[in-house]
Amino acid sequence: MYQDEIILCSASKYTQKYYLNEDFDNLPTEVKKELRILCTLFTEDVGGIIMLVFDSMGNLNIVTDAAEEDILYDEIGCGLKIKRIRKEKKELFEQLELYFQTFFLS
């Protein structure tokens, strides 16, 4: 069992980069595309950094961060967008959690 969190993917408004953990390269192309779109649109809308992270129990969490000097970061919009993502992508997140629990925690 994993002791720490495992990053699935992340995106940064500051570096204009997207990252997908190479351990998840075998995910279907459409899922990888959807994750890329989700993360990059998030950072374009509210700024900062977003990470989709599996905890040691296999739960998929959304983690965000912003530079302290980033006056354009929308903290309220961030919270609202996370709620919307959780609702709209509930099925995707559940499938990703099942995938992680099956292939990484068993």
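Note that the coordinates shown come from a computational prediction; the quantities given were computed from them, not determined experimentally.

Let us look at the pattern of salt bridges. Tallied over the entire structure, the rule returns 5 salt bridges. E44 is paired through a salt bridge with K13; the nearest N and O atoms lie 3.2 Å apart. With E44 in helix 1 (residues 29-46) and K13 in the loop between strand 1 (6-12) and strand 2 (17-20), this residue pair connects regions lying 31 residues apart in the sequence.

With that out of the way, let us pick up the confidence of the model for the chain. For the chain, per-residue confidence averages 94 on the pLDDT scale, and 97% of positions sit at 70 or higher. Within the chain, the lowest mean pLDDT, 95, falls on helix 2 (residues 75-88), and the highest, 98, falls on strand 2.

Below, the discussion takes up helix 1. Taking 1.5 Å per residue, 18 residues should reach 26 Å; helix 1 reaches 26 Å between its end C-alpha atoms and fits that length. Within the sequence span of helix 1, burial applies to V31, L35, L38, C39, F42, T43 and V46. Within helix 1, the buried residues cover an arc of 115° as seen down the axis, which keeps them to one side. Exposed positions of helix 1 whose direction lies more than 90 degrees from the buried face are T29 and E30. Where helix 1 is buried, its residues touch strand 1, strand 2, strand 3 (49-54), strand 4 (60-65), helix 2 and helix 3 (90-103). Just downstream of helix 1 lies G47, where phi reads positive at about 90°.

Moving on to the environment of F100. Topologically, F100 is positioned in helix 3. The exposure class of F100 is buried, given its relative accessible area of 0%. Placed 43 residues apart in sequence, F100 and M57 show a C-alpha to C-alpha distance of 9.6 Å.

Evaluation of the coordinates by the stated rule reveals 8 aromatic pairs. Their ring planes at 45° and their centres at 5.0 Å tell us that Y99 and F103 sit as a pair that is tilted. Linking Y99 with F103, this pair stays in helix 3, spanning 4 residues, or about one helical turn. On the basis of relative accessible area, F103 is assigned to the exposed category, the value being 59%. Between the aromatic rings of F100 and F104, the centroid separation amounts to 5.1 Å while the plane-to-plane angle is 15°, which identifies the pairing as stacked. What links up through ring pairs into an aromatic cluster is the set F24, F54, Y99, F100, F103 and F104.

Residues of strand 2 alternate between two faces, with Y18 and L20 buried on one and K17 and Y19 left unburied on the opposite face. Here 4 bridges tie strand 1 to strand 2, and the two strands are oriented antiparallel to one another. Paired with A11 across the bridge in strand 2 is Y18. If you look at the hairpin formed by strand 1 and strand 2, you'll find 4 residues sitting between the two strands, and Q16 has a positive phi there, around 55°.

What counts, and at which threshold
Residues numbered from 1 in each chain as written. Predicted model: local features only at pLDDT ≥ 70, side-chain atom pairs only at ≥ 80, totals over all residues. Heavy atoms only, no water. Salt bridge = Lys/Arg side-chain N within 4 Å of Asp/Glu carboxyl O. Helix = DSSP H or I, 4+ residues; strand = E, 2+ residues; numbered from the N terminus. pLDDT = per-residue confidence, 0-100. Expected span 1.5 Å × (residues − 1). Buried < 20%, exposed > 50% of the residue type's maximum accessible area, 1.4 Å probe, protein only. Arc of directions from axis to C-beta. Contact = heavy atoms within 4.5 Å. Phe/Tyr/Trp six-rings, centres within 6.5 Å; stacked < 30°, edge-to-face > 60°. Pairing = 2+ DSSP bridges.

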